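Okay, here's what each chain looks like letter by letter:
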Amino acid sequence: MAAGQGTRMRSALPKVLHPVAGRPMVRHVVDAAREAGVTRCVVVVGHGAEQVRAALGGGVLYAEQPERLGTGDAVRRARAAADGVRRLLVLNGDAALVTGDMLRLLMDRHVSSGAALTLLTARVADPAGLGRVVRGPDGGVARVVEDPEAGDEARTLDEVNTGLYCFDAAWLWAHLPRLERSAGGEYYLTDLVGLAVAEGAPVQAVPAPGDFDPVGINDRVQLARAEAALRRRFCERLMRDGVTIIDPATTYVEAGVQAGRDTVIYPNTHLQGETRIGQGCHIGPNSVVRDSTVGDRCRIEASYVEGSTLEPDVLVGPFSHVRPGSYLESGVHLGNYAEVKNSRIGAGTQQHHFSYVGDAQVGRDVNIGAGTITCNYDGREKHRTVIGDRAFIGSDTMLIAPVRVGDGASTGAGSVVNRDVPADSLAVGVPARIRRKPPPEDP
Ligand code: UD1
Ligand code: CA
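Read on for an overview of the structure. (Residues numbered from 1 in each chain as written. Chains lettered and ligands numbered in written order. Predicted model: local features only at pLDDT ≥ 70, side-chain atom pairs only at ≥ 80, totals over all residues. Heavy atoms only, no water.)

1. A word on the overall build of the protein chain
In step 1: In terms of regular secondary structure, the protein chain is built from 8 helices and 41 strands.
In step 2: Here the protein chain has a C-alpha radius of gyration of 30 Å; the compact-globule value for 443 residues is 22 Å, and the former is much larger.
In step 3: Its C-alpha atoms put the protein chain at 100 × 40 × 35 Å along the principal axes.
In step 4: Within the protein chain, the fraction of its 443 residues that count as buried is 50%. (Helix = DSSP H or I, 4+ residues; strand = E, 2+ residues; numbered from the N terminus. Rg over C-alpha atoms; globule rule 2.2 N^0.38 Å. Buried < 20%, exposed > 50% of the residue type's maximum accessible area, 1.4 Å probe, protein only.)

Next up, the structure:
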């Protein structure tokens, strides 16, 4: 169910699209359903339907809820798309902390008990705003009371409905039309619990495992709470895989991130998107690695790495920016205000100080001196720079692209290179003139 506006978010963005740990909250719910083995997933959309469809894409079916008439109405709208299904999971779109394991447990209990309706519950310190689970004298569930309807007694109950259910489909479709509108004008899906109990249909209320926080995200305070819980979960997954995280509270790991054994992550590090970090790396402090692949034994300190690949033993930082489309071969050292964009840098090349290399191909064992700039943009188009193996680029060299510097060539400090430099020659001056290299001195 993802049709609600989420008034309490006070946002132009539909609530279910607010990102939690880097993904729209409803995406976490869909992912958990898939993980639990759900093959046909129907998303009920309404408020901001186009945006929600665009965010979730074509892997799911959609049903429209024309008016926000409550969760009971939302489920009714999914009937056609869920046609022919015997059992259904019904999930709140704001239950970002749900996991596949939890849904499997819910389904297993539903199937083994033969219930018409099974709901997952949780005990919480502060149940305010949530539907309370009322149990009868025999301990069985009697009904769910929504917060606005809860009397003083129900308000003290600390077992709450998580908004995650499993239904016998025939029973569900037969009973949804019997829901009555609340005083606030909504059809509460949760009224089905009382309906089932009243007619003697079997109902199961399954407590969620562990310390599951059932926070359904309604406002930005709950958003931050869910964010912290997910972040902790992803950090713990890496730690169990053999990664040391010095301070999980200030380490921001998103769902798709992997890291190898004996990698150490220092505080204030953000690992985002599709990022894979190898073994024995040292990442952070104060670094962001996004959509990148990092080989074994790399070190990234106080730097940004985005959309790039680092082979093993690469050092980046402190204070460097590796921008999308870059490929750093093994043993490359970038540091102290080095920027690389859309470039391949050969093995063992060093680029240590205040420099920009963009749209370039740089060979092996090249030295890029302090202040080197590839002048890749002429105001209209981008041009490429090619630097050969073992070249020595003197400090403050301006490489006016398109330009090529041959293998073993050198450029003098402060040179402005606006034409190709042949292999093993020297370019000096402004604009640079080409000279033969002086022969190497006798040892
Ligand atoms: C709901 C439950 C409550 C439970 C809580 C758990 C009901 C009546 N109450 O309350 O028992 O404790 O979740 O977090 O179900 N939605 C629609 N169309 C609508 C209304 C809602 O699609 O007309 C969607 C929302 O987008 C949201 C989900 O259903 O993803 C839940 O709605 P929400 O308004 O957040 O329900 P709660 O008041 O939190
Ligand atoms: Ca909610």
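2. Some thoughts on the sheet that holds strand 31 (residues 360–362)
In step 1: Within the open sheet, the 9 strands sit side by side as 13-16-19-22-25-28-31-34-37. Their pairing is parallel. At either margin of the open sheet sits one strand with a lone partner, and together these are strand 13 (258–259) and strand 37 (403–405). (Pairing = 2+ DSSP bridges.)

3. As for the coordination of the calcium ion (ligand 2)
In step 1: The protein atoms donating to the calcium ion (ligand 2) are Asp94 (OD) and Asn218 (OD1), with metal-donor distances spanning 2.3 to 2.4 Å. One end of the pair, aspartate 94, is in the loop between strand 5 (87–91) and helix 4 (100–113); the other, asparagine 218, is in the loop between strand 10 (203–207) and helix 8 (220–240), with 124 residues separating them in the sequence.
In step 2: By relative accessible area, aspartate 94 is classed as buried at 10%.
In step 3: Taking the relative accessible area as the measure of exposure, asparagine 218 reaches 15% and is therefore buried. (Donors = N, O, S within 2.8 Å, 3.2 Å for Na, K, Ca; no water.)

4. Topic: the nonpolar core
In step 1: The biggest cluster of nonpolar side chains holds 87 residues, and the ones touching the most others in it are Leu103, Leu310, Val316, Leu328 and Ile387.
In step 2: Ranked by residues supplied to this core, first place goes to helix 8 with 7 residues.
In step 3: Those residues in contact with valine 316 that sit more than four places away from it in its chain are Arg299, Ile300, Glu301, Ser303, Val305, Leu310, Val322, Leu328 and Leu334.
In step 4: The next biggest cluster of nonpolar side chains, apart from the first, holds 32 residues, and it includes Ala74, Leu117, Tyr187 and Ala205. (Core = buried A, V, L, I, M, F, W, Y, C linked by side-chain atoms within 4.5 Å. Contact = heavy atoms within 4.5 Å.)

5. Thoughts on a nonpolar patch on the surface
In step 1: Together, Phe319, Tyr337 and Phe354 give the surface a local cluster of nonpolar side chains, amounting to about 350 Å² of exposed area.
In step 2: Considering the arrangement of structural elements, one finds phenylalanine 319 in the loop between strand 23 (315–316) and strand 24 (321–322). (Patch = residues over 30% accessible without salt bridge, like charges linked within 9 Å, V, L, I, M, F, W, Y side chains within 5 Å. Areas by Shrake-Rupley, 256 points an atom, 1.4 Å probe, with all protein chains shown as cover. Salt bridge = Lys/Arg side-chain N within 4 Å of Asp/Glu carboxyl O.)

6. Focus: the site of ligand 1
In step 1: The local shell around ligand 1 holds 24 residues, among which Gln65, Gly70, Thr71, Glu146 and Asn161 are the closest.
In step 2: Backbone polar atom of methionine 1 to an oxygen atom of ligand 1: 2.9 Å apart, as the coordinates give it.
In step 3: The separation between an oxygen atom of ligand 1 and a polar main-chain atom of glycine 4 is 2.9 Å.
In step 4: Mapped onto the shell around ligand 1, the elements with two or more residues apiece are helix 3 (71–77) and strand 9 (159–168).
In step 5: In terms of residue class, the shell around ligand 1 is built from 7 nonpolar, 12 polar and 5 charged. (Near = heavy atom within 4 Å. Polar contact = N/O pair within 3.5 Å; in protein donor to acceptor, adjacent residues only side chain to side chain. Nonpolar A, V, L, I, M, F, W, Y, C, P; charged D, E, K, R; others polar.)

7. What to know about the environment of glycine 408
In step 1: Mapped onto the elements, glycine 408 comes out in the loop between strand 37 and strand 38 (410–411).
In step 2: Excluding its chain neighbours within four sequence positions, the residues that come into contact with glycine 408 are Asp389, Arg390, Ala391, Asp424 and Lys437.

8. Some details on helix 8
In step 1: Between its terminal C-alpha atoms helix 8 stretches 30 Å, which fits the 30 Å expected from 21 residues at 1.5 Å a residue.
In step 2: Residues of helix 8 that are buried: Gln222, Leu223, Ala226, Ala229, Leu230, Arg231, Phe234, Cys235 and Leu238.
In step 3: Here helix 8 starts with a cap whose side-chain oxygen sits 3.1 Å from the backbone nitrogen of valine 221, and that cap is aspartate 219.
In step 4: Looking one or two residues beyond helix 8, the residue adopting positive phi is glycine 242, at roughly 105 degrees. (Expected span 1.5 Å × (residues − 1).)

9. Looking at unusual backbone geometry
In step 1: Residue glycine 284 is joined to proline 285 through a cis peptide bond whose omega torsion reads 0 degrees.
In step 2: Within the secondary structure, proline 285 sits in the loop between strand 17 (282–283) and strand 18 (287–290).
In step 3: With an omega dihedral of 5 degrees, the bond running from alanine 401 to proline 402 counts as a cis peptide bond.
In step 4: With phi around 45 degrees, asparagine 342 is a residue other than glycine that occupies positive phi space.
In step 5: Along the polypeptide, asparagine 342 turns up in the loop between strand 27 (338–341) and strand 28 (344–345).
In step 6: Judged by relative accessible area, asparagine 342 falls into the partly exposed class, the value being 33%.
In step 7: Residue phenylalanine 354 is not a glycine yet carries a positive backbone phi of 40 degrees.
In step 8: Here phenylalanine 354 is to be found in the loop between strand 29 (350–351) and strand 30 (355–358).
In step 9: By relative accessible area, phenylalanine 354 is classed as exposed at 52%.

10. A short note on the packing of aromatic side chains
In step 1: A complete count under the given rule lists 3 aromatic pairs for this structure.
In step 2: A cation over a ring is seen here: arginine 344 above tyrosine 327, with NZ or CZ 4.1 Å from the ring centre. (Phe/Tyr/Trp six-rings, centres within 6.5 Å; stacked < 30°, edge-to-face > 60°. Lys NZ or Arg CZ within 6 Å of the ring centre and 35° of its normal.)

11. Brief notes about the sheet that holds strand 17
In step 1: As summarised here, the arrangement of the 12 strands in space is 11-14-17-20-23-26-29-32-35-38-40-41, forming an open sheet in which the pairing is mixed. Bordering the open sheet on either side are strand 11 (244–245) and strand 41 (433–436), each of which pairs with just one other strand.
In step 2: Of the pairings in the sheet, the one linking strand 35 (residues 392–393) to strand 38 comprises 2 bridges and is parallel in character. When the bridges of strand 38 are listed, phenylalanine 392 appears paired with serine 410.

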